[in-house]
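# Summary of the model geometry
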Amino acid sequence: MNKGYPFVLKELPYSYEALDPVLGSDTLHFHHDKHMNAYVGNLNKALESCPDFHKFSLHELLTKLNELPQSAQTAVRNNGGGVYNHELYFSTLTSPNAGTKPSANLQTAIERDFGSLDEMLAQLKQAAVGRFGSGWAYVVTDAKGVLSICSTPNQDVPDLCKFVPLMTVDVWEHAYYLDYQNRRPDYFDAWTGLINWDVVSKNYEDRNF
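We now turn to the structure provided with this report. The model shown is predicted, which means the values in this text are computed figures rather than measured ones.

### Digging into the sheet that holds strand E2 (residues 147-153)
Read from one edge of the open sheet, 3 strands run E2-E1-E3, paired in antiparallel fashion. The open sheet has two edge strands with one neighbour each: E2 and strand E3 (164-170). Sheet twist, expressed as the average angle between the axes of neighbouring strands with direction ignored, equals 25°. Here 6 bridges tie strand E1 (residues 135-141) to E3, and the two strands are oriented antiparallel to one another. Across the sheet, the residue bridging to Ala137 is Val169, located in E3. On the sheet, helix H4 (residues 104-114) packs against E2 and E3 and is oriented at approximately 80° with respect to E2.

Right under this line is the structure:
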């Protein structure tokens, strides 16, 4: 995650064509270069007049919103959440031919907390498809390594004082409309083939609060 003000747009960890045919290059250019970039710019704009918080990491800003001037809190919540969510989303995708799998430790946690990987993805799909309007669905872990599913509206993030998000699926229409129009369930099913389980597994191993 970004370390502090001024925040910068992180490059994708793969080419714009790497996720074809699940997500096309036009979608990635539009989603990353336009939408995510706007959140980065608006977050920096919101923090311009808050020099006391320029050294705060993105995580610190989102967990200490109440310490910011009230006039900046909503903009930092919305745009900081937009940067956080998109960084997590893009970092946990890979080529549909990558063939990654959950690590042994993550697989054990999945089977313990959901019964199977298929069941975890089924519950994540229910959260993603059932999210009214725009938002996100996540697999998160608590400090003890217990996994669960949650969903947030707009650009809200899970409670980062209680959970570490391991992966997320973006269900804003701009994430999939060029490729799937209004077929969110089809988008979700295809998205599961892009999950970079190596990154998700590392997120699980590296969890900290």
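Following the structure, the description resumes.
### Topic: helix H7 (residues 184-191)
Along H7, the positions that sit buried rather than exposed are Arg184, Tyr187, Phe188 and Trp191. End-on view of H7: buried residues confined to an arc of 100°, all on one side of the axis. Each element contacted by the buried residues of H7 is listed here: helix H3 (70-91), helix H5 (117-130), E3 and helix H6 (177-180).

### Quick look at the nonpolar core
When a protein is soluble and globular, its nonpolar side chains tend to lie buried together. Residues Val76, Tyr187 and Trp191 are the most contacted members of the largest nonpolar core, which totals 62 residues. The residues contacting Tyr187, other than those within four sequence positions of it, are Leu23, Tyr89, Val169, Asp170, Ala175, Tyr176 and Tyr180.

### Considering the pattern of salt bridges
Within this structure, the stated rule accounts for 5 salt bridges. A salt bridge links Arg77 to Asp156, with the shortest nitrogen-to-oxygen separation between them at 2.8 Å. Of this pair, Arg77 sits in helix H3 while Asp156 sits in the loop between E2 and E3, placing them 79 residues apart in sequence. A residue is classified by how much of its surface remains accessible, and Arg77, at 41% relative accessible area, is partly exposed. A salt bridge links Asp113 to Arg112; the nearest nitrogen and oxygen atoms lie 2.8 Å apart. Look at Asp113 and you get partly exposed, because its relative accessible area is 26%. What makes Arg112 partly exposed here is its relative accessible area of 49%.

### Re the packing of aromatic side chains
Tallying each qualifying case throughout the model produces 6 aromatic pairs. Considering the side-chain rings of Tyr89 and Phe90, the 5.3 Å spacing of their centres and the 65° angle between planes classify their relative orientation as edge-to-face. A relative accessible area of 3% places Phe90 in the buried class. Put simply, the rings of Tyr89, Phe90 and Trp136 touch in pairs and so form one group of aromatic residues. Against the face of Tyr204 rests Arg207, its NZ or CZ located 4.4 Å from the ring centre.

### Digging into the side chain of His86
Position of His86 among the secondary structure elements: in helix H3. Take His86: its relative accessible area is 0%, and that puts it in the buried class. With near-sequence residues (within four places) excluded, His86 lies in contact with His31, Met36, Tyr39, Trp136, Gln155, Asp170 and His174.

### Structural notes on the pairing of E1
A large share of E1 lies buried, amounting to 7 of its 7 residues. Residues Gly135, Ala137, Val139 and Thr141 point to one face of E1 and Trp136, Tyr138 and Val140 to the other, with burial holding for every one of them. In the sheet, E1 pairs with E2 via 7 bridges, with the strands oriented antiparallel. What sits directly across from Ala137, in E2, is Ser151.

### Comments concerning the environment of Asp118
Positionally, Asp118 belongs in helix H5. Asp118 gets classed as exposed once you look at its relative accessible area, which sits at 63%. For the pair Asp118 and Gly130, spaced 12 residues apart in the sequence, the C-alpha separation amounts to 18 Å.

### Things to note about the packing of helix H1 (residues 25-47) against H3
Between H1 and H3, whose axes approach to 8 Å, the crossing angle comes to 145°. The element H1 and its partner H3 pack so that their crossing is left-handed. Between H1 and H3, the contacting residues are Leu28, His31, His32, Met36, Tyr39, Val40, Asn42, Leu43, Ala46 and Leu47 on the first element and Ala72, Ala75, Val76, Asn78, Asn79, Gly80, Gly82, Val83, His86, Glu87, Tyr89 and Phe90 on the second.

What counts as what
- Residues numbered from 1 in each chain as written.
- Predicted model: local features only at pLDDT ≥ 70, side-chain atom pairs only at ≥ 80, totals over all residues.
- Heavy atoms only, no water.
- Pairing = 2+ DSSP bridges.
- Helix = DSSP H or I, 4+ residues; strand = E, 2+ residues; numbered from the N terminus.
- Axes fitted to C-alpha atoms, helices over the stretch in contact; angles between N-to-C directions.
- Contact = heavy atoms within 4.5 Å.
- Buried < 20%, exposed > 50% of the residue type's maximum accessible area, 1.4 Å probe, protein only.
- Arc of directions from axis to C-beta.
- Core = buried A, V, L, I, M, F, W, Y, C linked by side-chain atoms within 4.5 Å.
- Salt bridge = Lys/Arg side-chain N within 4 Å of Asp/Glu carboxyl O.
- Phe/Tyr/Trp six-rings, centres within 6.5 Å; stacked < 30°, edge-to-face > 60°.
- Lys NZ or Arg CZ within 6 Å of the ring centre and 35° of its normal.
- Left-handed = near helix turned anticlockwise from the far one by under 90°.

Scope: geometric values only; no functional claims are made or implied.
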